[in-house]
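# Results of the structural survey
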Amino acid sequence: MALDSIFSVELAPSFSYWQMVWTRFRKHRLAMFGASVIIIMILLCFVAAPIITATTGYHYTSMDLPNRYALPSGAHWFGTDDMGRDVLTMILYGGQVSIEVGLISALAAVLIGSLVGVVSGYFGGWIDEALMRFTDVMMSLPYLPLYLVLAMAFGPGFWTLIGIFVGFGWMGDARLVRGVVLSLKNMEFVEAAKAIGASPWRIMLKHLLINSMAVIIVSTTLLIGGNIVGEAALSFLGLGIQPPQPSWGNVLQTASGYIFAPGNGPWLIFYPGFFLFLTVLSFNFMGDGLRDALDPRLKGYR
Amino acid sequence: MELNADANAELLIQVIDLVKHFPIIRGIIGRKVGAVKAVDGISFEIPRGRTLGLVGESGSGKTTVGRTILRLMEPTKGQALFEGKDVFKMRPSELRLLRRDMQIIFQDPFGSLNPRFPVGDIIGEPLLVHGLGNRKERQNRVSELMEVVGLRPEYLRRYPHEFSGGQRQRIGIARALAMNPKFIVADEPVSALDVSIQSQVINLLEELQEKFNLTYLFIAHDLAVVRHVSDRVAVMYLGKMMETADNKDLFSNPLHPYTQALLSAVPVPDPDVKKQRIILQGDIPSPINPPKGCVFHTRCRYRFEPCDKEKPEGIDVGSNHRVWCYLVAKQ
């Protein structure tokens, strides 16, 4: 066939979108650093902590009162705290909670935000108007006092914390995704989908959201970091995770009372603070790198 | 009587007095302050297996005609009959079924393909959406379609950005063909392509028409292309029909001053031919506030008494040639 001879030109070897993303991501030094730290941190908290408990018997409930404020040693790498507990163990178990809160709340908030955004942007009209005004209202609420009131009303704890972060965390993504959807929905491939009879849901999920993945993934990453800090802040105020269950926030809070204690006292505030700082920084670095890798055009945008 | 019914059955598409106005909404209470009269009373028909070329300059409303017939936009008024059934009155469930029979090929080969879908998924999406066949059958159909439009089936896992403009347009054509449609709106299918690729795609469209007995509404502003593919041509200006005739008739005997101006603008690839160009003065008026009477009178070099007062009626000059012009009426 004549057509065949013209179109049998070989295409260059194929690179899928995700292969290209990975190639670009790998070249981003800070992002690779961030990703490595996050992986190590997760391994430490979720794998190493139970191993430590199993081998040494250290746990956040195992007190050793005679051995308070012990300085770092072979037995206690980071020393012991005001009740003689191993500080490293406290931090790793605390990290479990902090990372869980950050991950779960960020994922849920982004999920809700993306759905609100895509529905709002796709349908437009009064649906858009209603959803966006609601978003505006949620954004203009003074969140810190509300956090406090809600934490008191529902009783502080893991799920209350996540509820608060999700309830007040989805608006940014809703606006972000709506903006992207507005620019996408007039593209001809969306019209093509309508022309073949695709349902609005299919168009929203398969065509619009998939093409918004770049901004969604980046904002999720940044939100995880933000929510870990948020957890620490609320727990520090005593409205988050309640002792004896440790989290980076409440370990910091307890430690802040013993800055002038003898021995290991002043250091107690350093270890959890450092772990928190390193983790959040790593999420932010990774977010920056992902943004550049997923969509180079978004460079410098946050 | 029987003969009449037969003649009707041969008409696949009948558009009667189609109107599409886009409301202009201002202010906080959403008051309607006017309307863009994109399409203002257009009628035409296309027999099965034929091509109607719809021509006009940018802003004449030709794209809107295509989109409203497919119900990608809701019409303001009028009827569009597909095999005798009014598309505009169909319920969503009927419309969904109709989508199998009516498809569209887009102008922009870059914007019309989802950049995150592999080509095989793009071409197979209509089948998936309509639940036609199982995975294996769909895959076979996709390979078959790719071969039909001249693409290698091995490339079905590739992404749109890996293809050239002409190849992407073929992907779009394969998607339109997936459900064996009867009618295809080709909305400037070649105007975004290089001239050398244009002819390939046009030849493909013609081949497919022959093979599958397709009916085309071919929207374009390039008269050379329209002349090549159309059985009949309709000329639009500012949402209104100016002239419609069989292909040969229109190009050999254009009667409307606007058609004459358009034809005189077609370049002739011969340096010795001295052509008299009719240069239209001014720009196309705003469709928000179109001129009274004949919408073309502001730029027409023959305008006289009734032109700016009343709309001209369509005049049949024989052999299926209709013109909306007072000049022709006078003669």
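From a predicted model like this one, the values you see are computed outputs, not experimental measurements. (Residues numbered from 1 in each chain as written. Chains lettered and ligands numbered in written order. Predicted model: local features only at pLDDT ≥ 70, side-chain atom pairs only at ≥ 80, totals over all residues. Heavy atoms only, no water.)

## Some words on helix H4 (residues 119-129) of chain B
Counting buried positions over the 11 residues of H4 of chain B gives nine, a clear majority of the element. For H4 of chain B, the full list of buried residues reads Val119, Gly120, Ile122, Ile123, Gly124, Glu125, Pro126, Leu127 and Val129 of chain B. Of the surrounding secondary structure, the elements contacted by the buried residues of H4 of chain B are helix H10 (200-209) of chain A together with helix H3 (92-98), helix H5 (135-148) and helix H6 (165-177) of chain B. Just downstream of H4 of chain B, Gly131 of chain B is the residue with a positive phi angle, here 60 degrees. (Buried < 20%, exposed > 50% of the residue type's maximum accessible area, 1.4 Å probe, protein only. Helix = DSSP H or I, 4+ residues; strand = E, 2+ residues; numbered from the N terminus. Contact = heavy atoms within 4.5 Å.)

## Re the sheet that holds strand E4 (residues 77-82) of chain B
All names here are of chain B. Strand order in the open sheet made by the four strands is E2-E1-E4-E5, with antiparallel pairing throughout. Single-partner strands in this sheet number two, and they are strand E2 (31-47) and strand E5 (85-86). Note that strand E1 (residues 11-26) and E2 share 13 bridges and pair antiparallel. Looking at E2, one finds that Val19 is bridged to Asp40. (Pairing = 2+ DSSP bridges.)

## Let's talk about the nonpolar core
If you look at the biggest cluster of nonpolar residues, it comprises 84 residues, and the most contacted ones within it are Val118, Leu208 and Trp248 of chain A. It is helix H4 (residues 87-123) of chain A that provides the largest number of residues to this core, a total of 16 residues. Leaving out residues up to four positions away in the same chain, Val118 of chain A has contacts with Val177, Val181, Met204, Leu208 and Leu209 of chain A. Residues Ala174, Ala186, Val226 and Val233 of chain B belong to the second largest nonpolar core, which totals 55 residues. (Core = buried A, V, L, I, M, F, W, Y, C linked by side-chain atoms within 4.5 Å.)

## Re the side chain of Asn211 of chain A
Within the secondary structure, Asn211 of chain A is located in the loop between H10 and helix H11 (213-236). Among the residues examined, Asn211 of chain A registers a relative accessible area of 13% and is labelled buried. Once you skip the residues sitting within four places of it in the chain, Asn211 of chain A turns out to touch Val180, Leu184 and Phe189 of chain A together with Asn114, Pro115 and Arg116 of chain B.

## Here we look at the interface of chain B and chain A
The partner chain A presents 29 residues to the 37 residues of chain B that form the contact. Summing the contributions of chain B and of chain A, the shared interface buries around 3,000 Å²; its carbon and sulfur component is 56%. Counting the contacts that link chain B with chain A gives three salt bridges. A salt bridge links Glu188 of chain A to Arg67 of chain B; the shortest N-O distance between them is 3.7 Å. Of all elements in the fold, only strand E6 (102-105), H4, H6 and helix H7 (195-212) of chain B reach the threshold of two or more residues within the side of chain B that touches chain A. (Buried area = accessible area lost by both parts, 1.4 Å probe. Salt bridge = Lys/Arg side-chain N within 4 Å of Asp/Glu carboxyl O.)

## A closer look at the sheet that holds strand E10 (residues 240-246) of chain B
Two strands in a sheet stick together by hydrogen bonds in their backbones, pointing the same way (parallel) or opposite ways (antiparallel). All names here are of chain B. Taken in spatial order, the eight strands make up an open sheet running E6-E7-E8-E3-E9-E10-E12-E11, and their pairing is mixed. In the strand order of this sheet, the two ends are held by E6 and strand E11 (315-316), each with one partner. Bridge count between strand E9 (residues 232-237) and E10: six bridges; the pairing is antiparallel. Bridged to Val235 within E10 is Glu243. Packing of helix H2 (residues 62-69) onto the sheet brings it into contact with strand E3 (51-55), E6, strand E7 (183-187), strand E8 (215-220) and E9, and relative to E8 it is tilted by some 150 degrees. Lying on the sheet, H6 is in contact with E6 and E7; it crosses E6 at an angle near 175 degrees. (Axes fitted to C-alpha atoms, helices over the stretch in contact; angles between N-to-C directions.)

## With respect to the pairing of E3 of chain B
Residues and elements named next belong to chain B. For E3, the buried fraction is high: five of the five residues fall into the buried class. Going residue by residue along E3, you find Thr51, Gly53 and Val55 tucked away on one face and Leu52 and Leu54 tucked away on the opposite face as well. Alignment of E3 against E8, held across five bridges, turns out to be parallel. Counterpart to Gly53 in the pairing with E8 is Phe218. Looking at chain direction, E3 and E9 are connected through four bridges and run parallel.

## A word on H2 of chain B
Residues and elements named next belong to chain B. Across the eight residues of H2, seven count as buried, placing the element largely inside the fold. Residues of H2 that are buried: Lys62, Thr64, Val65, Gly66, Arg67, Thr68 and Ile69. Note on H2: the residue one or two positions beyond its end, Arg71, has a positive phi of about 60 degrees.

## Observations regarding unusual backbone geometry
In this structure, the amide linkage connecting Pro243 of chain A to the following residue, Pro244 of chain A, adopts the cis form with an omega of 10 degrees. Tracing the backbone shows Pro244 of chain A in the loop between H11 and helix H12 (248-256). Here the phi dihedral of Glu188 of chain B falls at roughly 50 degrees; this positive angle occurs in a residue that is not glycine. Relative to the elements of secondary structure, Glu188 of chain B occurs in the loop between E7 and H7. Unlike most non-glycine residues, Ser319 of chain B shows phi in positive territory, near 45 degrees.

## Concerning the side chain of Ser114 of chain A
For Ser114 of chain A, the position within the fold is in helix H4. At 2.6 Å, the side chain of Ser114 of chain A and the backbone oxygen of Val110 of chain A are in polar contact. (Polar contact = N/O pair within 3.5 Å; in protein donor to acceptor, adjacent residues only side chain to side chain.)

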